[in-house]
Amino acid sequence: MSSAVPASLACIAELLRCPACLSPLAAGQGSLICARRHAYDVARHGYVTLLPSARRCCPIGDDAGMINARAAIMDAGHFEPLTTALAERACSLALPDSSVVLDAGAGTGHHLVGVLAELQGAVGVAVDVSRAASRRAARAHHRIARVRSDIWEEIPLCDATVDLAISVFAPRNPDELARVLRPGGAVVVATPAPEHLQELATLHAISVHRTKAMRLQHLFTGWPSADRVQRVSWILRLTHQDVARILTMGPAAHHLRPDFLGHLAALNEPVRVTAAVELRTFRRPEHRLR
Ligand SMILES: [Zn+2]
């Protein structure tokens, strides 16, 4: 059953494109619809799914447990220094008043809310493939349109429609970002630094790859850097429950050590943990890469 199209989605509907025929969409009665009558119902929770029909029902992306854990950590303010740094970067880019800000791999939408708070005339488009994330972020902010789509494959926006994209601990698709950014547009990429959550490394079996920065630069070859690399680091003070949530809100959730709970119980509260994130800003290349 479809629901009314939220105002946040209606006002940017024409920037979105149909996954079947790639033409722009428009807001209809409870759905977004293209000129060839492909229709996409708005879910009860206020988001629209723009995936090829064969994939619409697939359980992909972060599950409800991961999203609930992330929402609890974000709502408690543990990652506020990162949100603040993203908002400051956005402000420093001197964007047009009525900018469109894309959060590619938005999760709960928490960081995008922080960015929009500093960009009063801007509207946000939060894209994530997870149904649980889409449900939660649909109620995150009245200026955020929520779209469930897979940015690995394509970004569900028309060409040259986005002023600023943010990518926070998310998959990156530079070809699609270059397509959807307007000339002069930029992407701010946040990635974990090598020491991010290092005190918790004994609890799980994955680590931040040391060559990540090099791979990131390679991925954005041909994109002018708009600024220096900014390191944001702070100390988290966590309860055991917070630690469990931080580990289960990301990829470590699938790689916890079998004796995880025993190790966790042995840590003194508050557990002091390093958070360290690197921010990079890349300008859209003048000539599209493909
Ligand atoms: Zn269509």
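**Observations concerning the environment of R280**
So, point 1. Structurally, R280 is set in strand β11 (residues 271–283).
So, point 2. Here R280 falls in the buried class, since its relative accessible area comes to 7%.
So, point 3. Along the primary structure R280 and L51 are separated by 229 residues, whereas in three dimensions their C-alpha atoms are 29 Å apart.
So, point 4. Ignoring sequence-local partners within four residues, the contact set of R280 consists of R89, V187, V188, V189, T191, A213, L216, Q217 and V229.
So, point 5. For R280, the side chain forms a polar contact with the side chain of E278, separated by 3.1 Å.

**Observations concerning the side chain of S23**
So, point 1. With respect to the helices and strands, the residue S23 is situated in the loop between α1 (7–10) and β1 (25–27).
So, point 2. Beyond its immediate sequence surroundings of up to four residues, S23 is in contact with L16, R17, C18, C34 and A35.

**Quick notes on unusual backbone geometry**
So, point 1. The linkage connecting E269 with the following residue, P270, adopts the cis geometry, with an omega of -10 degrees.
So, point 2. The phi dihedral of F169 is positive, around 50 degrees, even though this residue is not glycine.
So, point 3. Structurally, F169 can be placed in the loop between β8 (162–168) and α6 (174–180).
So, point 4. Judged by relative accessible area, which is 39%, F169 ranks as partly exposed.

**Remarks on the packing of helix α2 (residues 64–75) against helix α8 (residues 240–248)**
So, point 1. Relative to each other, α2 and α8 sit at 130 degrees, their axes nearing to 8 Å. Taken together, the axes of α2 and α8 lie oblique to each other. With respect to the hand of their crossing, α2 and α8 are arranged in left-handed fashion. Together, M66, A69, A72 and I73 of α2 and D242, R245, I246 and T248 of α8 make up the contact between the two elements.
So, point 2. When grouped by side-chain class, the residues that make up the contact of α2 with α8 number five nonpolar, one polar and two charged.

**As for the layout of surface pockets**
So, point 1. Roughly 1400 Å³ of volume is contained in the largest pocket.
So, point 2. The wall of the largest pocket is formed by 50 residues, among which F169, A170, P192, G250 and P251 lie closest to the centre.
So, point 3. At the level of elements, α2, α4 (110–118), β6 (123–128), β9 (181–192), α7 (212–219) and α8 are the ones that each hand at least two residues to the lining of the largest pocket.
So, point 4. Residue contributions to the lining of the largest pocket peak at four residues, all from α7.
So, point 5. Per-class residue counts for the lining of the largest pocket are 27 nonpolar, 14 polar and nine charged.

**Considering the pairing of strand β10 (residues 230–238)**
So, point 1. Alternating positions in β10 separate cleanly, Q230, V232, W234, L236 and L238 being buried on one face and R231, S233, I235 and R237 remaining unburied on the opposite face.
So, point 2. As defined by bridge partners, β10 adjoins β11 across nine bridges and the pair is classed as antiparallel. Directly across from I235, in β11, lies its bridge partner T274.

**Points about the coordination of the zinc ion**
So, point 1. Coordination sphere of the zinc ion, protein contribution only: C18 (SG), C21 (SG), C34 (SG) and H38 (ND1), at 2.1 to 2.3 Å.
So, point 2. Viewed at the metal, the four donor atoms of the zinc ion are separated by angles of 100 to 119 degrees, and the geometry they form is tetrahedral.
So, point 3. Here the donor residues for the zinc ion map to a single chain with the spacing C-x2-C-x12-C-x3-H.
So, point 4. Residue C34 is classed as buried on the basis of its relative accessible area, which comes to 3%.
So, point 5. The class of H38 is partly exposed, set by a relative accessible area of 26%.

**Describing the packing of aromatic side chains**
So, point 1. Counted by the stated rule, this structure contains three aromatic pairs.
So, point 2. Between F79 and W234 the ring centres are 5.6 Å apart and the planes differ by 90 degrees, which places this aromatic pair in the edge-to-face class. Taken as a pair, F79 in the loop between α2 and α3 (80–92) and W234 in strand β10 lie far apart in primary sequence, 155 residues in all.
So, point 3. Using a relative accessible area of 2% as the deciding quantity, one classes F79 as buried.
So, point 4. Look at W234 and you get buried, because its relative accessible area is 12%.
So, point 5. Ring geometry for F220 against W223: centres 5.1 Å apart, planes inclined by 80 degrees, an arrangement best described as edge-to-face.
So, point 6. A relative accessible area of 2% means that F220 is categorised as buried.
So, point 7. According to the relative accessible area criterion, W223 is buried, its value standing at 5%.
So, point 8. What links up through ring pairs into an aromatic cluster is the set F220, W223 and F282.

How each quantity is defined
- Residues numbered from 1 in each chain as written.
- Predicted model: local features only at pLDDT ≥ 70, side-chain atom pairs only at ≥ 80, totals over all residues.
- Heavy atoms only, no water.
- Helix = DSSP H or I, 4+ residues; strand = E, 2+ residues; numbered from the N terminus.
- Buried < 20%, exposed > 50% of the residue type's maximum accessible area, 1.4 Å probe, protein only.
- Contact = heavy atoms within 4.5 Å.
- Polar contact = N/O pair within 3.5 Å; in protein donor to acceptor, adjacent residues only side chain to side chain.
- Axes fitted to C-alpha atoms, helices over the stretch in contact; angles between N-to-C directions.
- Parallel < 35°, antiparallel > 145°, perpendicular 65-115°, else oblique.
- Left-handed = near helix turned anticlockwise from the far one by under 90°.
- Nonpolar A, V, L, I, M, F, W, Y, C, P; charged D, E, K, R; others polar.
- 1 Å grid on protein atoms, 1.4 Å probe; cavity = no way out; pocket = protein on both sides within 12 Å on 5 of 7 lines; lining within 4 Å.
- Points joined across faces, edges and corners; volume = space filled by probe spheres on them.
- Pairing = 2+ DSSP bridges.
- Donors = N, O, S within 2.8 Å, 3.2 Å for Na, K, Ca; no water.
- Tetrahedral: all angles 85-135°; square planar, octahedral: opposite > 155°, others 65-115°.
- Phe/Tyr/Trp six-rings, centres within 6.5 Å; stacked < 30°, edge-to-face > 60°.

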